[in-house]
Amino acid sequence: VEERMAARDVDYYTRLHNLTELAVLDEHSLLSALRYRYDASLIYTNVGEILIALNPFRPLTIYGPASQLAYKHAPEGDGGGQQEVPHIYAVARRVYSDMRTVGRDQVCVISGESGAGKTESSKFLIRQIMELCRSPTYGSNGLESKIVQVNPFDP
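Residues numbered from 1 in each chain as written. Predicted model: local features only at pLDDT ≥ 70, side-chain atom pairs only at ≥ 80, totals over all residues. Heavy atoms only, no water.

Novice: Give me the lowdown on the overall build of the chain, citing residues and values where you can.
Specialist: For the chain, the helix and strand inventory stands at 6 helices and 2 strands. Across the chain, helices and strands are ordered from the amino to the carboxyl terminus as α-α-β-β-α-α-α-α. Considering only contacts in the chain between residues 6 or more positions apart, those separated by 24 or more positions represent 51%. When the accessible surface of the chain is totalled, it reaches about 9,900 Å², and 54% of it is carbon and sulfur. (Helix = DSSP H or I, 4+ residues; strand = E, 2+ residues; numbered from the N terminus. Contact = heavy atoms within 4.5 Å. Areas by Shrake-Rupley, 256 points an atom, 1.4 Å probe, with all protein chains shown as cover.)

Here is the structure:
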């Protein structure tokens, strides 16, 4: 019985991309969901508009050109319960799209303890924004060259 419950929990939590949809939203539920997702190599989880990233401490294949392309063109959800799989590239697309739509600067806060992966997350975010700058969908606006001028690390 416990094995069936554990398998059901794993299936539930790996399909639940936004933890605001938990039936009970408390510390235990959040940490349990994050643990199940992390154990399934799902390092990104949304809580509302906040993206939680857990450092996997190993290389992952979710950052290559195929992922960049997929998140460049992916819809943010159909409003009918379809959830986009959380990813730093989805945050980049949302920020870039909002900047272009609203016409104002956007802010991303990347926070965490030493060794948590803040620098790597920043690189992935900037790399995807630069990719979006090159996209015919969004059009070139000179932002890519501005990022290259002020960027302290190689994206």
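Novice: Before we move on, can you summarise the environment of E21 with the specific residues and values?
Specialist: Positionally, E21 belongs in the loop between α1 (2-15) and α2 (27-39). A relative accessible area of 47% means that E21 is categorised as partly exposed. Note: C-alpha distance between E21 and G48 (27 residues apart in sequence) is 9.0 Å. (Buried < 20%, exposed > 50% of the residue type's maximum accessible area, 1.4 Å probe, protein only.)

Novice: Please set out the layout of surface pockets residue by residue, giving values where relevant.
Specialist: As a volume, the largest pocket reaches approximately 830 Å³. Every residue lining the largest pocket is counted, 35 residues in all, and those nearest its centre are L51, A53, I88, I110 and S121. Listed by contribution, the elements that provide at least two residues to the lining of the largest pocket are β2 (50-53), α4 (88-102) and α5 (118-133). In terms of residue class, the lining of the largest pocket is built from 22 nonpolar, 6 polar and 7 charged. (1 Å grid on protein atoms, 1.4 Å probe; cavity = no way out; pocket = protein on both sides within 12 Å on 5 of 7 lines; lining within 4 Å. Points joined across faces, edges and corners; volume = space filled by probe spheres on them. Nonpolar A, V, L, I, M, F, W, Y, C, P; charged D, E, K, R; others polar.)

Novice: Give a detailed account of the packing of aromatic side chains, specifying residues and quantitative values.
Specialist: One pass over the full model with this rule turns up 6 aromatic pairs. Each ring, one from Y12 and one from Y13, has its centre 5.1 Å from the other, and the planes form 65°; the classification is edge-to-face. Assessed through its relative accessible area of 33%, Y12 is described here as partly exposed. Ring geometry for Y13 and Y36: centres 5.0 Å apart, planes at 15°, overall stacked. Residue Y13 is found in helix α1, and its partner Y36 is found in helix α2; the two are separated by 23 residues along the sequence. Note on Y36: relative accessible area 23%, which makes it partly exposed. (Phe/Tyr/Trp six-rings, centres within 6.5 Å; stacked < 30°, edge-to-face > 60°.)

Novice: So what about α4? Which residues, and what values?
Specialist: Taking 1.5 Å per residue as the helical rise, α4 with its 15 residues ought to reach 21 Å, and the 21 Å between its terminal C-alpha atoms agrees with that figure. Among the residues making up α4, those that are buried are I88, Y89, A90, V91, A92, R93, V95 and Y96. Against the buried residues of α4 lie β1 (44-47), β2, α3 (65-73), α5 and α6 (143-150). G103 occupies a position one or two residues after α4 and carries a positive phi of about 75°. (Expected span 1.5 Å × (residues − 1).)

Novice: Explain the pattern of salt bridges to me, using residue names and the numbers behind them.
Specialist: The full count for this structure, using the stated rule, is 6 salt bridges. Residue E131 is joined to K72 by a salt bridge in which the shortest nitrogen-to-oxygen separation is 2.8 Å. Of this pair, E131 sits in helix α5 while K72 sits in helix α3, and the two are 59 residues apart along the sequence. The class for K72 is buried, based on a relative accessible area of 10%. Between R93 and E84 there is a salt bridge; the shortest N-O distance is 2.8 Å. Taking the relative accessible area as the measure of exposure, R93 reaches 3% and is therefore buried. Under the relative-accessibility criterion, E84 is labelled buried at 16%. One salt-bridge network, held together by shared partners, links K72, E131 and R134. (Salt bridge = Lys/Arg side-chain N within 4 Å of Asp/Glu carboxyl O.)

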